[in-house]
Every structure is written in C-alpha cells, then in structure tokens.
Amino acid sequence: MQSLQDRIRESVIAAIQAGELRPGAQIDEKQLAERFDSSRTPVREALLMLAAQGLVSIAPRAGMFVHKPSAAELVAMFETLAEMEGVVARLATRRISAAGRQALADAHEAAGVPARVRDAMAYAEANRTFHEVLYQAAANPFLSEQIVQLRRRLAIYWQRKDLINEARVATSYREHGHVVEAILAGQADAAAEAMRTHISAGGRALADLVLLADASSE
C-alpha cells in the first residue's frame, strides 16, 4: 500500500505529465494538503522527493515550483539520454533472446500504423512500448531505471500538445528501423550509433520547439 507521501508525489507527477502543471508553475502546497486531507508535512516531504529527482525546484521564501530547465540543461539531458539509450541498444544486440527479437519486430511493426498516418499521440505510446522492449532485452535494470527517471523529467515536454511535431513521427519511425535492422543483424556498434542518432535528432527537434514556445509566451 502506498504511503501518503507517495500518493501525493504521484499526483504531482501526473499533473506535470498531463500539462496541468507547466514548467515554472508554482505548486500550491496548501491545496495539496486539503486535497489529501493531510498536514503540510507529508506534502513538503513528497515535494522534497520530487526535488531530489529534478522535477521540482525550491525557491527560498517563495515556495516550490515545477522545474523549468534552461536551454543548455535541456540539451544536456537529451545528450545524456542519447548516450544511455545507445548503451541499451548495444547491450540488447548482444543479449536479446529469440522471443525478444520477435517482440522487437512486432513492436516496430505496430508503431508503423500510427506513423503512417502521423498520429503523434498514438505513436508516442507505440514508441514507449518499442523502447521498453529494448530495455528488457538489454537486461540491465539499473540502466533502465536511470533512463526512466530521465525520461520522466522530459515527459512534460513530450506530452505537451503545443510541442507535438507530427512531421517528426515518420522520421522517428524510419530511425527505429535502422536500430531494429542493426540489432537483428547482430551489429552492436551500428545499433548503438543508430540509437544515439535517433535520440539526438528527436532531442534537437523538441528543444527547438520548446524554445519557440517559451519565447512566444514571454
């Protein structure tokens, strides 16, 4: 059973990922306490946990805010994600089982359906499944956990409707194809490079959209 702090923490994460709490928005601790019929202490403890994960920023005498990374920080996060996902692709190539190979091929084929019609929201879900298959194949839970934490920090941008780039969907799917081809051919170095290229390209595209969106809102 989840603790009160965990329930509060998950509710804030859900609000961030749903776009209800945008980057830079102040978090109303009093409202959270009233919602969960609690004192301010568990709310503060939950927010401190989120601060440790990089999702919340603490401003002395001002309160708690959804963390808003700078352009340089956003680029750095994508650079890190690209390298970690590249390691996943390399390990997956070396460790993938026969069942894993089939699961990867199936996940890629399934993602082709929304990709062909540029359904960005459906593709996002198929993309998540595709990467999860690779995490399983890589058989490195610690690495997967680190990637999930970083992707959670970036999810607020991936799920914002004003940052959806439908033109990127078809390109992303083609890049997935290069990764799949290399893995199934047993080419670990090529798989790692294809994955790094894929994540880096997506990161650059998203970072550009974030900067444009932020600039237009100022």
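Preceding this paragraph is the structure being described.
The model shown is predicted, which means the values in this text are computed figures rather than measured ones.

S.K.: Honestly, the pattern of salt bridges in this entry has me stumped. Any pointers?
M.R.: Opposite charge on two side chains permits them to pair, given that their charged atoms come into close proximity. Overall, the coordinates contain 9 salt bridges when judged by the stated rule. Residue Arg 153 pairs with Glu 73 through a salt bridge whose shortest N-O separation is 3.2 Å. Here Glu 73 lies in helix H4 (residues 71-95) and Arg 153 lies in helix H7 (residues 141-158), a separation of 80 residues in the sequence. For Arg 153, a relative accessible area of 23% gives the class partly exposed. Owing to a relative accessible area of 26%, Glu 73 belongs among the partly exposed residues under this scheme. The salt bridge partner of Glu 85 is Arg 151, with a shortest N-O separation of 2.9 Å.

S.K.: Whenever I open this one, the nonpolar core confuses me. Can you help?
M.R.: General note: in soluble globular proteins, nonpolar side chains tend to be found buried as a group. Within the largest apolar cluster, 31 residues are counted, with the highest numbers of intra-cluster contacts made by Leu 81, Val 88, Leu 104, Leu 134, Ile 147, Leu 154 and Ile 183. Those elements that place two or more of their residues in this core are H4, helix H5 (98-116), helix H6 (120-138), H7, helix H8 (166-184) and helix H9 (188-217). Broken down by element, the residue count for this core peaks at 10 residues, all from H4. Non-local contacts of Val 88, meaning those with residues more than four positions away in its chain, are made with Leu 134, Tyr 135, Ala 138, Leu 143 and Ile 147. Within the second largest apolar cluster, 18 residues are counted, among which are Ala 15, Leu 47, Leu 55 and Val 56.

S.K.: Explain the pairing of strand E2 (residues 63-66) to me, please; I cannot follow it from the model alone.
M.R.: Residues in a regular strand project their side chains so that they alternate between the two faces of the sheet. Pairing analysis gives 4 bridges linking strand E1 (residues 56-59) to E2, with the strands arranged antiparallel. From the neighbouring strand, Ala 59 faces E2, where its bridge partner is Gly 63. The antiparallel pairing of E1 with E2 creates a hairpin that spans 3 residues between the two strands, and Arg 61 there sits at a positive phi of about 65 degrees.

S.K.: Which parts of the structure should I look at to understand H5?
M.R.: For the α-helix, the turn length of 3.6 residues means that residues three or four positions removed from each other point alike. If you check H5, its first and last C-alpha atoms are 28 Å apart, about what 19 residues at 1.5 Å a residue would give, namely 27 Å. Residues of H5 that are buried: Gly 100, Leu 104, Ala 107, His 108, Ala 111, Gly 112, Pro 114 and Ala 115. The inward-facing, buried residues of H5 abut H6 and H8. One or two residues past the end of H5 sits Arg 118, with phi positive at roughly 55 degrees.

Rules and cut-offs
Residues numbered from 1 in each chain as written. Predicted model: local features only at pLDDT ≥ 70, side-chain atom pairs only at ≥ 80, totals over all residues. Heavy atoms only, no water. Salt bridge = Lys/Arg side-chain N within 4 Å of Asp/Glu carboxyl O. Helix = DSSP H or I, 4+ residues; strand = E, 2+ residues; numbered from the N terminus. Buried < 20%, exposed > 50% of the residue type's maximum accessible area, 1.4 Å probe, protein only. Core = buried A, V, L, I, M, F, W, Y, C linked by side-chain atoms within 4.5 Å. Contact = heavy atoms within 4.5 Å. Pairing = 2+ DSSP bridges. Expected span 1.5 Å × (residues − 1).

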